[in-house]
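An overview of the molecular structure
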Amino acid sequence: MAEFEATRGMPATSTIVYGVASDVAVMDRWLPRGLHVTDAGPGTVEADGDLVPGEGTHEGLFRASEEQLRVEWGGRDHPDYAGWLQVADSASGTSEVTVHISLLDEPDSGPRADEVRELLDRSLDRLADEVAHRVQGAG
């Protein structure tokens, strides 16, 4: 079992960051390359791509809580995968995002673990870019 977590500062308030992070329609802009997510109705998303195990599209659980500034997800047909994203305010109109992923069938060290950590870091970089775009577009 492996647990992965990464935190990154964001160039906007927590409500703006949460709005970007919880919007399934724009997730493909910041999620890891090789993972495509679409809305499949209340509390459900569909995922496919090179990073999704098996063939075809898989159904996942999805919950976004604006009150808690938190997004949670997991694989319905792959219960060994789950994660959450939490947004918190920081100083001077910025915020911080923490992402946590649990992969029950993955090792917590070695090349695959390093790859997962790199995917998390790159995704948070792209999320920060997407948030900056949103802020610049509003200004």
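Residues numbered from 1 in each chain as written. Predicted model: local features only at pLDDT ≥ 70, side-chain atom pairs only at ≥ 80, totals over all residues. Heavy atoms only, no water.

Right, let's get into the packing of aromatic side chains. Under the definition given, this model contains zero aromatic pairs. A cation over an aromatic ring shows up here: R70 above the ring of W84, its NZ or CZ 4.5 Å from the ring centre. (Phe/Tyr/Trp six-rings, centres within 6.5 Å; stacked < 30°, edge-to-face > 60°. Lys NZ or Arg CZ within 6 Å of the ring centre and 35° of its normal.)

For the structure shown, the criterion picks out ten salt bridges. One salt bridge in this structure joins R8 and D125, with 2.1 Å as the shortest N-O distance. Here R8, found in strand β1 (residues 2-10), pairs with D125, found in helix α2 (residues 111-138); they are 117 residues apart in sequence, far enough to count as distant. Exposure remark for D125: the relative accessible area of 37% places this residue in the partly exposed category. Here R112 and E106 are joined by a salt bridge, their closest N and O atoms 3.3 Å apart. Via salt bridges that share partners, R8, D121 and D125 belong to a single interconnected network. (Salt bridge = Lys/Arg side-chain N within 4 Å of Asp/Glu carboxyl O. Helix = DSSP H or I, 4+ residues; strand = E, 2+ residues; numbered from the N terminus. Buried < 20%, exposed > 50% of the residue type's maximum accessible area, 1.4 Å probe, protein only.)

With that out of the way, let us pick up the side chain of R126. Along the chain, the position of R126 falls in helix α2. Notably, R126 is buried but unbridged: the nearest opposite-charge side chain belongs to D125, and the N-O separation is 7.3 Å. Discounting chain neighbours no more than four positions away, the residues touching R126 are R29, W30, L31, P32 and R33. (Lys, Arg positive; Asp, Glu negative; His and termini not counted. Contact = heavy atoms within 4.5 Å.)

Reported here for the largest pocket is a volume of approximately 880 Å³. Residue lining of the largest pocket: 37 residues in total, with L35, L51, W73, Y81 and L103 positioned closest to the centre. At the level of elements, β3 (44-48), β4 (58-65), β5 (70-75), β7 (95-103) and α2 are the ones that each hand at least two residues to the lining of the largest pocket. Per-element accounting of the lining of the largest pocket gives the leading share, six residues, to α2. Among the residues making up the lining of the largest pocket, the classes are represented as 24 nonpolar, six polar and seven charged. (1 Å grid on protein atoms, 1.4 Å probe; cavity = no way out; pocket = protein on both sides within 12 Å on 5 of 7 lines; lining within 4 Å. Points joined across faces, edges and corners; volume = space filled by probe spheres on them. Nonpolar A, V, L, I, M, F, W, Y, C, P; charged D, E, K, R; others polar.)

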